[in-house]
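# Fold and contact review
As a plain string of letters, each chain reads:
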Amino acid sequence: MNGICAALPPGSAVVFDSLGAFYHKAQRDNGVMRGVQSRFRWELESPADRAWPWPLQTTSIADEAARHPAVPRLIRWLFWVGTKTMPVRSWRVNLLSNGGEITAL
């Protein structure tokens, strides 16, 4: 990630999602994944625990979906319930920004 960030001009941002240990380990037990050659090769339980080249903003996908008005109410409720479990909380969307007006993730 440091190389990507270093190559970008000022005012740039990098957005990426990350998966925690649950997802990394669960792929071997997932029937859908058995037929797929690609695999997650690393996990990132808490992006805030790492050093990044730029300031980091991070939030769980479930937290975002649970409060986003465009998501149907039933789905928001399911994501809200999901925020109470570690596997869902460890799927995160992350933003690194080296400047500019980014007020929310």
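Summarised in this report is the structure supplied together with it. Predicted model only: the values in this text are computed from it and were never measured.

## What to know about the packing of aromatic side chains
Given two aromatic rings, one states the distance between the centres and the angle between the planes to describe the pair. For the structure shown, the criterion picks out one aromatic pair. Where Phe 16 meets Trp 52, the ring centres are 5.4 Å apart and the plane angle is 45 degrees; that geometry is what we call tilted. One end of the pair, Phe 16, is in strand E1 (residues 13-18); the other, Trp 52, is in the loop between helix H3 (31-34) and strand E2 (56-60), with 36 residues separating them in the sequence. With a relative accessible area of 12%, Phe 16 lands in the buried category. Accessibility expressed as a relative area gives 17% for Trp 52, which makes it buried.

## Overview of the nonpolar core
Ranked by size, the top nonpolar core spans seven residues in total: Cys 5, Val 14, Phe 16, Leu 44, Trp 52, Trp 54 and Leu 96. If near-sequence neighbours (up to four positions away) are discounted, Leu 96 is found in contact with Met 1, Cys 5, Ser 12, Ala 13, Val 14, Phe 16, Trp 52, Trp 54, Pro 55 and Leu 56.

## Description of the side chain of Arg 92
Mapped onto the elements, Arg 92 comes out in strand E3 (residues 92-97). Engagement of the side chain of Arg 92 in a polar contact is seen with the side chain of Thr 58, the distance being 2.9 Å. Those residues within four positions of Arg 92 in sequence are excluded, and the remaining contacts are Phe 16, Asp 17, Ser 18, Glu 45, Pro 47, Thr 58, Thr 59, Ser 60 and Ile 61.

## Let's talk about the sheet that holds E1
Strand order in this open sheet of three strands is E1-E3-E2, and the pairing throughout is antiparallel. The sheet terminates laterally at E1 and E2, the two strands that pair on one side only. Adjacent strand axes in the sheet meet at a mean angle of 15 degrees, parallel and antiparallel pairs treated alike. For E2 and E3, the ladder comprises five bridges, and the chain directions are antiparallel. Bridge pairing in E3 links Gln 57 to Leu 95.

Calculation notes
Residues numbered from 1 in each chain as written. Predicted model: local features only at pLDDT ≥ 70, side-chain atom pairs only at ≥ 80, totals over all residues. Heavy atoms only, no water. Phe/Tyr/Trp six-rings, centres within 6.5 Å; stacked < 30°, edge-to-face > 60°. Helix = DSSP H or I, 4+ residues; strand = E, 2+ residues; numbered from the N terminus. Buried < 20%, exposed > 50% of the residue type's maximum accessible area, 1.4 Å probe, protein only. Core = buried A, V, L, I, M, F, W, Y, C linked by side-chain atoms within 4.5 Å. Contact = heavy atoms within 4.5 Å. Polar contact = N/O pair within 3.5 Å; in protein donor to acceptor, adjacent residues only side chain to side chain. Pairing = 2+ DSSP bridges. Axes fitted to C-alpha atoms, helices over the stretch in contact; angles between N-to-C directions.

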